[in-house]
Amino acid sequence: PDYQTLLVEKRGRVTLITLNRPQALNALNAQVLDDLLAALAVFDADEGQGCAVLTGSDKAFAAGADIKEMADMGFAAMYGTNHFAGWERFTQTRKPVIAAVAGYALGGGCEVAMMCDFILAADTAKFGQPEIKLGVSPGMGGSQRLTRAVGKAKAMEMVLTGRMMDAAEAERAGLVSRVIPAADLVDEAVKVATAIAAMPPLAVLANKEMVNAAFETNLTQGVQFERRLFNGLFATQDQKEGMAAFVEKRPGNWTGK
Ligand code: HXC
């Protein structure tokens, strides 16, 4: 596909997707959504690709949904077209997507980072849900995902005040998995993604699915979901190969079967 708002590049088994609307600090308009859904569909369908990295610029991962695009919309247009619902399809990507966040991740930008499987943050990253200052609220899952990630106290303070969290606070709060010097962010994210992409592919899908199930189930159901998938992995060639390789003290040679 021909992307208007993204740069998409393959680095070995990793797809690196860079948001590229610098004039608007990567504000997320309808074109960005179309481009991202297309890029993720290509990535998910490509057997040669095992993990994706989504990043922005040094200044902004994304400064939110495009305010200029939304400003004149009324209830009928928003509700009638279910305007932001397309973003939920982002989360249906089956292979892992890592967010590599430098600079601003605000509003929809923070929400998209949270739709990824985990967030690696540059030391310059700033996370916030400032929608209240525009007379609205998070609309792409932020009130739910931020609360699950950092708990009620911080989430409530952030959405009610619009205050930004820096990278160190975001790491303490559990919003990001790690903080990395800004100059190394993308290389480090690609390195992590390369390691994931070298894992047995079916096990990657299963591990992602079961962690996500923790947010949709109670403990008993979640543990049962895990056990079913775990048991299922014993029907794969890669389980036989992985355990044989361990015993024989050699690297596994995965078939994805
Ligand atoms: C459209 C945006 C934008 C946005 C920045 N720009 N954010 N355009 N939508 N969300 C544009 C600016 O208008 C400006 O364009 C250019 O990008 C550079 O931005 P500046 O403001 O000049 O940069 P700076 O002074 O460095 O300030 C950076 C900033 C600020 C603090 C990030 O841009 C800002 O506060 N942005 C809005 C953040 C926000 O409110 N996000 C939440 C959006 S609502 P021009 O043409 O003037 O040069 C949302 C809802 C999601 O996300 C859920 C659905 C409801």
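Please read all numbers here as calculations on a predicted model, not as lab measurements.

Right, let's get into a nonpolar patch on the surface. The grouping of Ile67, Leu134 and Val136 at the surface amounts to a nonpolar patch, some 270 Å² of accessible area in total. Structurally, Ile67 can be placed in helix α2 (residues 67-70). Classification of Ile67 by relative accessible area gives partly exposed; the value is 44%.

Our focus in this paragraph is the site of the ligand. The ligand sits among 24 residues. The nearest are Lys59, Ala63, Ala65, Ile67 and Gly108. In the model, an oxygen atom of the ligand is placed 3.5 Å from a nitrogen or oxygen of the Gln23 main chain. In the model, an oxygen atom of the ligand is placed 2.6 Å from a nitrogen or oxygen of the Lys59 side chain. Burial of the ligand by the protein amounts to 66% of the accessible area it has alone, namely 1000 Å². Secondary structure elements with two or more residues in the shell around the ligand: α2, β6 (104-106) and α4 (108-115). The leading source of residues in the shell around the ligand is α2, at three residues. Here the residues of the shell around the ligand sort into 13 nonpolar, six polar and five charged.

One pass over the full model with this rule turns up 13 salt bridges. For Asp66, the salt bridge goes to Arg21, with nearest N and O atoms at 2.9 Å. Here Arg21 lies in the loop between β2 (14-19) and α1 (30-45) and Asp66 lies in the loop between β4 (60-62) and α2, a separation of 45 residues in the sequence. Residues joined in a network through salt bridges with shared partners are Lys154, Glu157, Arg163 and Glu169.

Moving on, we come to the side chain of Thr93. Along the chain, Thr93 turns up in the loop between α3 (75-81) and β5 (97-101). A residue is classified by how much of its surface remains accessible, and Thr93, at 8% relative accessible area, is buried.

Right, let's get into the side chain of Asn29. Within the secondary structure, Asn29 is located in the loop between β2 and α1. Judged by its relative accessible area of 13%, Asn29 is buried. Looking at Asn29, its side chain comes within polar contact range of the main-chain nitrogen of Val32, at 3.0 Å. With sequence-adjacent residues up to four places away left out, Asn29 is seen in contact with Arg21, Asp66 and Glu69.

Now for the sheet that holds strand β9 (residues 165-166). The sheet built from four strands is open, its strands ordered β4-β6-β8-β9 with mixed pairing. The sheet terminates laterally at β4 and β9, the two strands that pair on one side only. Two elements, β6 and strand β8 (residues 126-128), share three bridges in a ladder whose sense is parallel. From the neighbouring strand, Ala105 faces β8, where its bridge partner is Phe127. Contacts from α4 reach β4, β6 and β8 within the one sheet, and its direction differs from that of β6 by about 95°.

The next subject is the sheet that holds β5. Pairing is mixed across the open sheet formed by six strands, whose spatial order is β1-β2-β3-β5-β7-β10. Strands at the two margins of the open sheet, each flanked by one partner only, are β1 (6-11) and β10 (178-180). Taking each pair of neighbouring strands and ignoring which way they run, the sheet shows an average axis angle of 25°. As paired elements, strand β3 (residues 51-55) and β5 share four bridges and run parallel to each other. For Val53, the partnering residue across the bridge sits in β5 and is Ile98.

What counts and how
Residues numbered from 1 in each chain as written. Predicted model: local features only at pLDDT ≥ 70, side-chain atom pairs only at ≥ 80, totals over all residues. Heavy atoms only, no water. Patch = residues over 30% accessible without salt bridge, like charges linked within 9 Å, V, L, I, M, F, W, Y side chains within 5 Å. Areas by Shrake-Rupley, 256 points an atom, 1.4 Å probe, with all protein chains shown as cover. Salt bridge = Lys/Arg side-chain N within 4 Å of Asp/Glu carboxyl O. Helix = DSSP H or I, 4+ residues; strand = E, 2+ residues; numbered from the N terminus. Buried < 20%, exposed > 50% of the residue type's maximum accessible area, 1.4 Å probe, protein only. Near = heavy atom within 4 Å. Polar contact = N/O pair within 3.5 Å; in protein donor to acceptor, adjacent residues only side chain to side chain. Nonpolar A, V, L, I, M, F, W, Y, C, P; charged D, E, K, R; others polar. Contact = heavy atoms within 4.5 Å. Pairing = 2+ DSSP bridges. Axes fitted to C-alpha atoms, helices over the stretch in contact; angles between N-to-C directions.

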